[in-house]
Structures are given as C-alpha cells and as structure tokens.
Amino acid sequence: MNDFASAGFALKSREMECPTHGTQTEFFAGGVWRGCVACNQAIIEAADKARQAQDSVERAIAFDKRIGLPNAFAQQTIATFIPSNQKQAAVLARLTDYVANDLRDPHTAKNIILLGPTGGGKTHLATAVLREQAAAYRLARYITSAQVVASIRDTWSKKDVSESGVFHELACEDLLLIDEVGQRDSGENAQEILSQLIDMRYKRAPTIITTNLTQEQLKKHLGDRAFDRLAENLILINCDWGSYRQAQAAKNREVF
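Keep in mind that this is a model prediction, so the values were computed, not measured. (Residues numbered from 1 in each chain as written. Predicted model: local features only at pLDDT ≥ 70, side-chain atom pairs only at ≥ 80, totals over all residues. Heavy atoms only, no water.)

Caption draft 1: How the structure looks around the overall build of the protein. Summing up its helical and strand segments, the protein has 10 helices and 8 strands in all. Expressed as a percentage of the 256 residues in the protein, the buried residues total 37%. A sequence separation of at least 24 residues applies to 72% of the contacts in the protein between residues at least 6 apart. For the protein, the exposed area adds up to about 14,800 Å²; of that, 52% sits on carbon and sulfur atoms. (Helix = DSSP H or I, 4+ residues; strand = E, 2+ residues; numbered from the N terminus. Buried < 20%, exposed > 50% of the residue type's maximum accessible area, 1.4 Å probe, protein only. Contact = heavy atoms within 4.5 Å. Areas by Shrake-Rupley, 256 points an atom, 1.4 Å probe, with all protein chains shown as cover.)

Next comes the structure, spelled out in structure tokens:
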C-alpha cells in the first residue's frame, strides 16, 4: 500500500498502464499525477543503493586513512592475492590462519618478516593482514621504515611533538607494519631508532616487516639485539617466487 494511503490520507488515484510494469495505480499528490508506483519505488531503491555505495567508498577511504595504507594497496586483501604456485598457496594459508587465530592475542602472536626482491607481493600480503586486524576494531598501523626514522628525527626540531610520544604511539599499536626496511632509512641514528621501536614492542604486540634485504643484511641493518627480539617469536617468509606483480600484470596484458 502507498505510504500516504496507509497513513490515512485520502488521495485521488487511478489506474494507468506502465510500459514496464503493466497496469499500476497512480496517485495524485502535490498538484500532479505521480506516475507508476512501481517505477517510483525502483527510483527510490536505486537512489538508496547509490547512496549506500558512496557511503561504503567513503568508509573505505576513512578506514585506509586511519591505518595509513597507501592508495596502491587500498583494495588489497587476502582474497585478492591469487597464488600461482604451491609455496604462495602455503604462505597464504598460514597468513589466513594467522589472522583467524594468532592475532586473537596480540601478546603471543608471532612477528612476521617477509623477505624478497621487489614485486614479490610482500606488501600486498602484509597490508592484507593489517586490514584484517583493523577490521576487527583493533589498533593497526602501516608505516614505512623511512617514515619511522623521519618522524623521530622531526621531533628534534619541534616543540609540540615529543620523541617519546611518537615512539609510544607506534609501540601501542596491536599490529604494526613497517614496510620497506632498508630503503631510505639509513644515516645518523637510524638503526638506534628502529631498534628502540622494536624493543618497545617486544612481547607487547606483533610487528610485520617487509624488506628487500637478505636475512643477514636485515640483521646487520637492525642490529643484533632488535633482530634477535623479532626472531624469538617469528614467521619468516622468503618471497623468492619471482615477481608476483609481473605475473598478475601479464594476465591482464593485451598483446597484438
């Protein structure tokens, strides 16, 4: 029944033929005949769906902004990582289990280090895990190693932001992803900064690290103390399966 009619309003009505819905009731309101009720309802439902879709996009943008994800990985999830070999499938299965089970208790969840050359899908996998943690209404944060170092160095020349405050904020995340360790994060005090952050998160909450460095290079870059603390409770993933990015791009490539 029409909302006006059900509310007790007396409206003029008549039957009309709709090209889409056949015989329909048309109401006279506001000085005009309002047309096919079914068409009007379809227009309202389409507008509702469009509004819901826009709300979903806006929520997704706000979500990615809150956890710091770069635009390139805004839509990446565990489901969108398509394994092309047995090792990738095994890694995906372990990370899926990690999200479902390990992360229930951040105090005991393992750290994760993803090693391998550029294009292997390390950041895709890492950000997918991060998104799942954030979706569970837990504190999760993406930051590059270079940004960690820069954010601490910036406090040395600012009065309104303290070094301890930045460290505390990053240390308190339930899951912290430090991306691109070994890229643009060297120089004065860099190792000390990264080591201190890892030390503050030790036995408090898990940290995910992605790097193009080898295991030995990473140990040297972070220092023995920091690396050993990560390694005490660790999932080490060697993404040595070639370029995941190029393999996926090849599937969508048009060749003439």
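Still to come is the rest of the account.
Caption draft 2: Structural context of the sheet that holds strand E3 (residues 32–33). The strand order across the open sheet formed by 3 strands is E1-E2-E3, and the pairing between neighbours is antiparallel. One side of each edge strand has no neighbouring strand; the edge strands of this open sheet are strand E1 (12–18) and E3. The sheet contact formed by E1 and strand E2 (residues 22–29) spans 7 bridges and is antiparallel. Residue Met16 lies in a different strand from E2, and its bridge partner there is Gln24. (Pairing = 2+ DSSP bridges.)

Caption draft 3: Here's a closer look at helix H6 (residues 163–171). Within H6 the residues assigned to the buried category are Val166, Phe167, Leu170 and Ala171. Seen from one end, H6 has its buried residues packed into an arc of 130 degrees, which puts them on one side. Residues of H6 that are buried sit in contact with strand E5 (140–144), helix H5 (145–155), strand E6 (175–181) and helix H7 (190–201). (Arc of directions from axis to C-beta.)

Caption draft 4: Looking closely at the packing of H6 against H7. Orientation of H6 relative to H7, taken along the N-to-C sense of each, is 50 degrees, at an axis distance of 9 Å. In terms of orientation, H6 and H7 fall into the oblique class. Two packed elements cross with a definite hand, and for H6 against H7 that hand is right-handed. Contact residues: H6 offers Glu163, Phe167, His168, Leu170 and Ala171, while H7 offers Ile193, Gln196, Leu197, Met200 and Arg201. Tallied by class, the residues present in the contact of H6 with H7 amount to 6 nonpolar, 2 polar and 2 charged. (Axes fitted to C-alpha atoms, helices over the stretch in contact; angles between N-to-C directions. Parallel < 35°, antiparallel > 145°, perpendicular 65-115°, else oblique. Left-handed = near helix turned anticlockwise from the far one by under 90°. Nonpolar A, V, L, I, M, F, W, Y, C, P; charged D, E, K, R; others polar.)

Caption draft 5: Structural view of the pattern of salt bridges. For the coordinates displayed, the defined rule picks out 10 salt bridges. Glu169 is the salt-bridge partner of Arg141, the closest N and O atoms lying 3.2 Å from each other. Here Glu169 lies in helix H6 and Arg141 lies in strand E5, a separation of 28 residues in the sequence. Residue Glu169 is classed as partly exposed on the basis of its relative accessible area of 46%. A salt bridge links Arg225 to Asp199, with the shortest nitrogen-to-oxygen separation between them at 3.0 Å. Here Asp199 lies in helix H7 and Arg225 lies in helix H9 (residues 224–231), a separation of 26 residues in the sequence. Judged by relative accessible area, Asp199 falls into the partly exposed class, the value being 28%. (Salt bridge = Lys/Arg side-chain N within 4 Å of Asp/Glu carboxyl O.)

Caption draft 6: Molecular detail of the environment of Ala140. As for its position among the elements, Ala140 is in strand E5. Along the sequence, Ala140 and Val129 sit 11 residues apart, while their C-alpha atoms lie 9.8 Å from each other. In contact with Ala140, not counting residues within four places along its chain, are Ile67, Leu130, Gln133, Ala134, Glu173 and Leu175.

Caption draft 7: Spatial organisation of the sheet that holds E6. Taken in spatial order, the 5 strands of this open sheet run E5-E6-E7-E4-E8, and their pairing is parallel. What marks the edges here is a single partner per strand, and that holds for E5 and strand E8 (234–238). On average, each strand axis in the sheet is tilted by 10 degrees relative to the strand beside it, whichever way the strands run. Note: strand E4 (residues 111–115) against strand E7 (residues 207–211), 4 bridges, orientation parallel. Its bridge partner being in E7, Ile112 is matched across the sheet by Ile208.

No statement about biological role is implied by the geometric values presented.
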